[in-house]
Amino acid sequence: MTRALLLAALCAAPASAQEAGVVRRGTIDQVVAVAGTVLPTDIFRIKSTIEGRAARVWTTTGVWVNEEQNLGVLINKEFAALSDARNTTDQSVLEDRWKTMYQPSRLRCPSTCYILKAFARSNAWVKPRTLLFEAAAHLRMTGWVRPEEAHLVRDGMTLEYWAVKDPKKRFTTKIVHYVRDVQGLKVQPGGTFTMDLVMSPQHFFPPGTQWAGLVVPAKKSNVLMVPTSALIRFGGDVYLPVRVSTGITTPDWTELSAGARENSAFLDLSDAQLRQAQRHKMEADFSLPASPNEAEEAAPGQAAPAPARPVRRGEVEGELREPDSNLGEDPYSE
C-alpha cells in the first residue's frame, strides 16, 4: 500500500523514543482474530403423553443421542401395579411379556439431538404433558469479526479455532454464512458467521463455550515490508519516512543526491509531529576558511593561518583553559 516516500524527518510516533529501521524482505501472514460462543438451536421439549410412571430414565445431560436411543420409558398405572407386584422379575422381561397389552411409551428424540436438561427421574409419577427432557437439534458456533478486519473475511476460508479454556486443543473448519453487519449504512460494519457443529463424541463444544480462532485471508512471501506503525496516512495516501543523502542546502531548498527519485511524493510534517526528530537546516561549517583570500595571504611555503576562533560568552580573550574545563554555552546550539 505504500504509494510514496517521505523525504522529511521521522514520522509522528508514540511518546516513546523514536528508532531507525530498515526495509527488508520477508513473509507476511494477514491474520484475522475472531471470537465467539456456542449456542443451542432448534430447541424442543419431550413431554409425557400419558399419566403414569417413568422407568429407566437416562438423566445424563450434555451428550448427543440418536433417534434410536431410549431416554426412558413411560408405563401406565396398570403396568406399574403389575411391575410392583412382581418386583422379583426384571423390568425388561415384564415389558417384553406385557408390551402388547400395556404398550409402554419409549422416550426418544425425533432425530439426533443434544440433551440440554433432564427433568424426569426414575420411578417418578407424571401427569400428561409433564416436561421430561429439553434438547437441541443443533449446536451452533457464532463468530464475530472486528470492523477493521471484516472486509478481509469470506465464506470458504479456513478457520482454526479452540476453546478459550483449552487453547492447546485446536480444530479447523470452513467459514459459512458470513455476513457484514448493518449493511447499507455509512458506518464501519463488523462481520458475523454461524456454523452448525457436527455431532461427534470426540469433538464438540457445549453450549455457552467461549471460543477464539484465527483466519488467514492472505499470505505473501519475499515481499518488501516495514512495521505497520512506521507508515503515516495522510489524505488517503500512505507515506514511509526513508533516509536520503543531501547536497547543497539553502534556507528554502536542499539538494537530494540519493534516496529519492524525481516526482516522488513526500509528506511535510509539522513541528509537533516531528517529536524527537529535528528538521534539516543550514549550519555553519568551521572547517572551511573564513574567506578565499586567507590562503593567498600566507607566506610562500607556509600553510595558511587558521581562521580566528570567535570568543565565546564567559571567556576572556587570550586566556587558555584546561583541556577538561567548561568552555561555556555553545552560541550555535539549538
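None of the values given here were measured: they were computed from a predicted structure. (Residues numbered from 1 in each chain as written. Predicted model: local features only at pLDDT ≥ 70, side-chain atom pairs only at ≥ 80, totals over all residues. Heavy atoms only, no water.)

## Considering the overall build of the protein chain
Here is step 1 of the chain: Scanning the protein chain from terminus to terminus reveals 3 helices and 18 strands.
Here is step 2 of the chain: Put simply, of all contacts in the protein chain between residues at least 6 apart along the chain, 71% involve residues at least 24 apart.
Here is step 3 of the chain: On the protein chain, roughly 22800 Å² of surface is accessible, and the fraction owed to carbon and sulfur atoms is 52%. (Helix = DSSP H or I, 4+ residues; strand = E, 2+ residues; numbered from the N terminus. Contact = heavy atoms within 4.5 Å. Areas by Shrake-Rupley, 256 points an atom, 1.4 Å probe, with all protein chains shown as cover.)

## A word on the sheet that holds strand 3 (residues 52-55)
Within a sheet, adjacent strands bond to each other through the backbone by hydrogen bonds, running parallel or antiparallel.
Here is step 1 of the chain: Pairing is antiparallel across the open sheet formed by 4 strands, whose spatial order is 6-5-3-8. The open sheet has two edge strands with one neighbour each: strand 6 (105-107) and strand 8 (125-126).
Here is step 2 of the chain: Sheet topology note: the strand 3/strand 5 (residues 72-76) ladder contains 4 bridges and is antiparallel. Bridging across to strand 5, Arg53 finds its partner in Ile75. (Pairing = 2+ DSSP bridges.)

## Quick word on the nonpolar core
Here is step 1 of the chain: In terms of nonpolar packing, the biggest core is built from 25 residues, with Val34, Val145, Leu159, Tyr161, Phe193, Phe205 and Trp211 touching the most fellow members.
Here is step 2 of the chain: Secondary-structure elements contributing two or more residues to this core are strand 2 (24-47), strand 9 (131-145), strand 10 (158-163), strand 13 (191-197) and strand 14 (210-225).
Here is step 3 of the chain: Ignoring any residue separated from it by four or fewer positions in sequence, one finds Tyr161 in contact with Met141, Lys169, Arg170, Phe171, Thr172, Thr173, Leu197, His203, Phe205, Trp211, Ala212 and Gly213.
Here is step 4 of the chain: In this structure, Ile46, Cys109, Val126 and Leu132 belong to the second largest nonpolar core, which totals 16 residues. (Core = buried A, V, L, I, M, F, W, Y, C linked by side-chain atoms within 4.5 Å. Buried < 20%, exposed > 50% of the residue type's maximum accessible area, 1.4 Å probe, protein only.)

## Here's the deal with the environment of Lys47
Here is step 1 of the chain: Within the element layout of this structure, Lys47 appears in strand 2.
Here is step 2 of the chain: The partly exposed category is assigned to Lys47, whose relative accessible area is 34%.
Here is step 3 of the chain: Each C-alpha atom of the pair Lys47 and Thr130 lies 5.2 Å from the other, and the pair is 83 residues apart in sequence.

## What to know about the state of the cysteines
Here is step 1 of the chain: Here the structure, examined in full by the defined rule, presents 1 disulfide.
Here is step 2 of the chain: Across the disulfide from Cys109 sits Cys113; the S-S distance is 1.9 Å. Looking down the S-S bond of the Cys109 and Cys113 bridge, the torsion is 60°, so its handedness is right-handed.
Here is step 3 of the chain: By relative accessible area, which is 0% here, Cys113 ends up buried. (Disulfide = S-S within 2.5 Å.)

## So, the confidence of the model for the protein chain
Here is step 1 of the chain: Here the protein chain averages 74 in pLDDT, while 64% of its residues score no lower than 70.
Here is step 2 of the chain: Taken element by element, the protein chain is modelled with least confidence in strand 1 (residues 4-6), mean pLDDT 37, and with most confidence in strand 10, mean pLDDT 94.
Here is step 3 of the chain: Confidence over residues 1-16 falls short of pLDDT 50; this stretch has 61 contacts with residues more than four positions distant or in other chains.
Here is step 4 of the chain: Segment residues 330-334: pLDDT under 50, and 5 contacts once partners within four positions in sequence are set aside and those in other chains are kept. (pLDDT = per-residue confidence, 0-100.)

## Examining the side chain of Thr142
Here is step 1 of the chain: By secondary structure assignment, the location of Thr142 is in strand 9.
Here is step 2 of the chain: When its relative accessible area of 13% is taken as the criterion, Thr142 is described as buried.
Here is step 3 of the chain: Contact partners of Thr142, with chain neighbours within four places excluded, come to Ala35, Gly36, Thr37, Leu39, Phe193, Thr194 and Trp211.

## Some points on the pairing of strand 10
Here is the key point about a regular strand: its side chains alternate between the two faces of the sheet.
Here is step 1 of the chain: The pairing of strand 10 with strand 11 (residues 166-174) spans 6 bridges and is antiparallel. Bridging from a neighbouring strand, Tyr161 pairs with Phe171 of strand 11.
Here is step 2 of the chain: Hairpin connection, strand 10 to strand 11: the antiparallel pair is bridged by 2 residues.

## Looking at the packing of aromatic side chains
Here is step 1 of the chain: Counted by the stated rule, this structure contains 7 aromatic pairs.
Here is step 2 of the chain: Ring plane angle 85° and centroid distance 5.9 Å describe the contact between Tyr161 and Phe205, whose orientation is recorded as edge-to-face. Pair noted here: Tyr161 is in strand 10 and Phe205 is in the loop between strand 13 and strand 14, with a separation of 44 residues, a long-range link. For the pair formed by Tyr161 and Phe205, the shared burial category is buried. (Phe/Tyr/Trp six-rings, centres within 6.5 Å; stacked < 30°, edge-to-face > 60°.)

## As for the pattern of salt bridges
Here is step 1 of the chain: According to the stated counting rule, one finds 6 salt bridges in the structure shown.
Here is step 2 of the chain: Of the charged contacts, one joins Glu134 and Arg45 as a salt bridge, the two residues approaching to 3.1 Å between their closest N and O atoms. With Glu134 in strand 9 and Arg45 in strand 2, the pair connects residues that are 89 residues apart, well separated along the chain.
Here is step 3 of the chain: A network of salt bridges, in which partner residues are shared, links Arg146, Glu148 and Glu149. (Salt bridge = Lys/Arg side-chain N within 4 Å of Asp/Glu carboxyl O.)

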